[in-house]
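A closer look at the structure
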Amino acid sequence: MTDQSSNQMWGGRFAAGPDAIMEAINASIGFDKRMAAQDIAGSRAHAAMLAATGVITDNDAEAIREGLLTVLSEIESGSFQFSTALEDIHMNVEARLKEVIGEPAGRLHTGRSRNDQVATDFKLWVRDQFDAAEKGLLALIKALVDQAEAGADWVMPGFTHLQTAQPVTWGHHMMAYVEMFGRDLSRVRDARARMNESPLGAAALAGTSFPIDREMTASALGFDRPAANSLDAVSDRDFALEFLSTASICAVHLSRFAEELVIWSSAQFRFVTLSDRFSTGSSIMPQKKNPDAAELIRAKVGRIFGANTALMMVMKGLPLAYSKDMQEDKEQVFDAADNWMLALAAMEGMVKDMTGNRESLAAAAGSGFSTATDLADWMVRVLKVPFRDAHHVTGALVAMAEGRGCDLPDLSLEDMQGVHEGITEDIFNVLGVENSVNSRMSYGGTAPAQVRAQVQRWKEILAG
Ligand code: ARG
């Protein structure tokens, strides 16, 4: 033990003394500097309001306004010296403002606290990310709608249990994801509307005795209204949790689609060719073209949902109002937001660039007895056989074809009549995959006409 400033019991692990360790665990400037623009916007709104209500003079407010603009430009140009000793972005900005304008800087913090300040900054930051997510989702939805329109009538196998089930259309499959991302979009809009209340002016927790105008700061910052309870305003992180849960659900959708692209782009499937721009090669196997972007998108849900879980755990059991635990909110949200936006952009790029392989899709569509249900339905419709019986007869025919190593349309009429005497030549019309998909005209079904109707509906939504 040579370093006397280190704690005798545990200091050996640390080069620095307790004060430095306290500073290291306490400081958030390393990450909350990302909220500098929001912090300065909040301070400008607050200062203008303090002058309008007569709490500070117009001269002081003007000095603060100009000083804050100087600080902002220093931060934007990269010349600003961030200090860990000053803990966080709020104190870094205020301390620099003091250096730039002197005494009036000390009046800025009248009628507010870092507790409402950080809640305001963070809300503004998260709100921007909701807006970015909305843009990213709209772009992705558009790319999917374009794919669906181009291949509205391309047949492919539809799966359940990843076993061939019934033929579907490429367009229908693309539009399934449009619905999912459409719900994500509605969750984003919904959460954004709910979170758009201003915490500013809640002060430390109880409000303030100064005659502040919370409507004024709320509207200057684009909030719909001031938050109605000061205790809630400084301790609420629902908006961050909703952001993370919305991101998590969307990341699940991205992951499911990414997984399909990984499977579809394999040599065994060849359903889709991903562009070189979104693939990588192997350093040892020359034939390889790897769907790395899809794999990484598939994985992103891990860290995004991890952030959601982490912040839920941070918030659970916290008494009102602010506790320092809540400083642990930002890194989770920053990381999740960065990766969510990246995954959305990468998926959009991949979808735009990918080519559905119409021939491979069609070849696969007919295999695996995919039109067995059509056969059974035909017996019900034409022969008036109860569906359960038709199901049984079809099962026997599938077993026969399987035994012979052929598909259902390869069986002869005699073979079929041997199983059920009522079957006629007409059956061969329904065993084709084109016929199968064309017949699925129920609302929301896979028929190309239904797909085109949904494409049209979404085009109108996107244009609106
Ligand atoms: N850096 C803090 C945070 O992110 C700001 C609020 C500090 N408030 C306090 N009372 N110490 O939560």
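Residues numbered from 1 in each chain as written. Predicted model: local features only at pLDDT ≥ 70, side-chain atom pairs only at ≥ 80, totals over all residues. Heavy atoms only, no water.

**Topic: the overall build of the protein chain**
Put simply, the rule is: Secondary structure elements follow DSSP: runs of H or I of four or more residues count as helices, runs of E of two or more count as strands, with numbering from the N terminus. Only the C-alpha atoms count toward the radius of gyration. The rule for a globule is 2.2 Å times the residue count to the power 0.38. When checking whether two residues touch, look at their non-hydrogen atoms; a contact exists if any pair is within 4.5 Å. Here the open area of atoms and residues is found with the Shrake-Rupley method and a 1.4 Å probe, where only the protein chains shown may cover a residue.
Across its full length, the protein chain carries 19 helices and eight strands. Relative to the 2.2 N^0.38 estimate, which gives 23 Å for 464 residues, the radius of gyration of the protein chain is 31 Å and therefore markedly larger than a compact globule would have. Oriented by its inertia axes, the alpha-carbon framework of the protein chain measures out at about 100 × 60 × 40 Å. Partitioning the intrachain contacts of the protein chain with sequence separation of at least 6 by distance along the chain shows that 74% fall at a separation of at least 24. Here the protein chain has roughly 21800 Å² of accessible surface; of this, 53% comes from carbon and sulfur atoms.

**So, the UniProt feature "domain: Argininosuccinate lyase C-terminal" (unreviewed entry) in the protein chain**
We count it as follows: UniProt positions are given in the numbering used here, feature names are shortened, and annotations may be inferred rather than shown by experiment.
UniProt feature "domain: Argininosuccinate lyase C-terminal" (unreviewed entry): in the numbering of this structure it lies at residues 369–438. Counting secondary structure, residues 369–438 comes out at 67% helix and 0% strand; the distance between its end C-alpha atoms is 17 Å.

**Side note on the pattern of salt bridges**
Short version of the rule: Salt bridges are defined as contacts in which a side-chain nitrogen from Lys or Arg sits within 4 Å of a carboxyl oxygen from Asp or Glu. Summary of the burial criterion: residues with accessible area below 20% of their type's maximum are buried, those above 50% are exposed, and those between are partly exposed, where the area comes from a 1.4 Å probe applied to protein chains only.
For the coordinates displayed, the defined rule picks out 29 salt bridges. A salt bridge links Glu-62 to Arg-65, with the nearest nitrogen and oxygen atoms 3.3 Å apart. One end of the pair is Glu-62 and the other is Arg-65, both in helix α4 (residues 58–77) and three residues apart, which spans about a single turn. For Glu-62, a relative accessible area of 33% gives the class partly exposed. Here Glu-99 makes a salt bridge to Arg-96, at a shortest N to O gap of 2.7 Å.

**Some details on the site of the ligand**
For clarity, the cut-off: We call a residue near a given molecule or strand whenever any one of its heavy atoms falls within 4 Å of it. The definition of a polar contact used here is a pair of N or O atoms within 3.5 Å, where within protein one atom must be able to donate a hydrogen and the other to accept one, and adjacent residues in sequence count solely through side-chain atom pairs. We call Asp, Glu, Lys and Arg charged. Ala, Val, Leu, Ile, Met, Phe, Trp, Tyr, Cys and Pro are nonpolar, and the rest, Gly among them, are polar.
In the vicinity of the ligand, the residues found are Ser-28, Asp-32, Asp-88, His-90, Arg-114, Asn-115, Val-118, Tyr-322, Gln-327 and Lys-330. Interatomic distance of 3.0 Å between a side-chain N/O atom of Asn-115 and a nitrogen atom of the ligand. Burial of the ligand by the protein amounts to 86% of the accessible area it has alone, namely 350 Å². It is helix α6 (residues 114–150) that contributes the most residues to the shell around the ligand, three residues altogether. Of the residues assigned to the shell around the ligand, the class counts are two nonpolar, four polar and four charged.

**Quick word on the layout of surface pockets**
The gaps of empty space that remain are located by a probe, the size of a water molecule, rolled over the atoms. Our working definition: The way it works is a 1 Å grid over only the protein atoms, where trapped points that fit a 1.4 Å probe form a cavity and open points with protein on both sides within 12 Å along at least five of seven lines form a pocket, and then any residue with an atom within 4 Å of a point lines it. Grid points are joined across faces, edges and corners, and a volume is the space filled by probe spheres set on the points.
In this structure, the largest pocket encloses a volume near 320 Å³. At the level of secondary structure, the elements contributing two or more residues to the lining of the largest pocket comprise β5 (272–273) and β7 (289–290). A breakdown of the residues in the lining of the largest pocket according to their chemical character gives five nonpolar, seven polar and three charged.

**Section: the nonpolar core**
Rules: As used here, the term nonpolar core means buried Ala, Val, Leu, Ile, Met, Phe, Trp, Tyr and Cys residues forming a set that is joined through side-chain atoms within 4.5 Å.
In terms of nonpolar packing, the biggest core is built from 96 residues, with Leu-254, Trp-340 and Met-347 touching the most fellow members. Per-element tally for this core: the top contributor is helix α10 (residues 238–264), with 14 residues. Those residues in contact with Trp-340, other than ones at most four positions away along the chain, are Ala-133, Val-188, Phe-243, Thr-246, Ala-247, Cys-250, Leu-254 and Ile-304. By size, the runner-up hydrophobic cluster in this structure holds 21 residues, among which are Leu-375, Val-398, Ala-401 and Leu-431.

**Structural notes on a nonpolar patch on the surface**
How we decide: A patch consists of residues exposed above 30% relative accessible area that lack any salt bridge, with like charges linked at up to 9 Å and nonpolar side chains (Val, Leu, Ile, Met, Phe, Trp, Tyr) linked at up to 5 Å.
A cluster of nonpolar side chains, Leu-205, Leu-231 and Leu-320, forms an exposed patch at the surface whose accessible area comes to about 270 Å². Mapping Leu-205 onto the fold places it in the loop between β3 (197–198) and α8 (214–220). Exposure remark for Leu-205: the relative accessible area of 38% places this residue in the partly exposed category.

**A closer look at the confidence of the model for the protein chain**
Here is the rule we go by: The pLDDT value tells you how sure the predictor is about a given residue, anywhere from 0 up to 100.
Summing up the model confidence of the protein chain, the mean pLDDT is 95 and the portion of residues at 70 or higher is 97%. Segment residues 1–6: pLDDT under 50, and 11 contacts once partners within four positions in sequence are set aside and those in other chains are kept.

**Description of helix α14 (residues 372–383)**
Basically, it comes down to this: An expected span of 1.5 Å times one less than the residue number is assigned to each helix.
Between the first and last C-alpha of α14 there are 16 Å, a value that for 12 residues agrees with the 16 Å anticipated at 1.5 Å per step. Buried within α14 we find Ala-372, Asp-374, Leu-375, Ala-376, Trp-378 and Met-379. In the core, the buried residues of α14 are packed alongside α15 (387–404), α17 (427–430) and α18 (433–439). Of the residues one or two after α14, Lys-384 is the one with positive phi, at around 60°.

**Some thoughts on the packing of aromatic side chains**
For clarity, the cut-off: Only the six-membered ring of Trp is used, alongside the rings of Phe and Tyr, when aromatic pairs are assigned; centres must lie within 6.5 Å, and planes under 30 degrees apart are stacked while those over 60 apart are edge-to-face, with the rest tilted. Geometrically, a lysine NZ or arginine CZ counts as sitting over a ring once it is within 6 Å of the ring centre and also within 35 degrees of the ring normal.
Overall, the coordinates contain 13 aromatic pairs when judged by the stated rule. A centroid spacing of 4.5 Å and a plane angle of 55° characterise the contact between Trp-125 and Phe-334, whose relative ring orientation is tilted. With Trp-125 in helix α6 and Phe-334 in helix α12 (residues 329–353), the pair connects residues that are 209 residues apart, well separated along the chain. Just as Trp-125 is buried, Phe-334 falls in that class too. Ring pairing ties together the aromatic residues Trp-154, Phe-159, Trp-170, Trp-264, Phe-269 and Phe-271, which thus form one cluster. The lysine or arginine in question, Arg-127, covers the ring of Phe-223, its NZ or CZ lying 5.0 Å from the ring centre.

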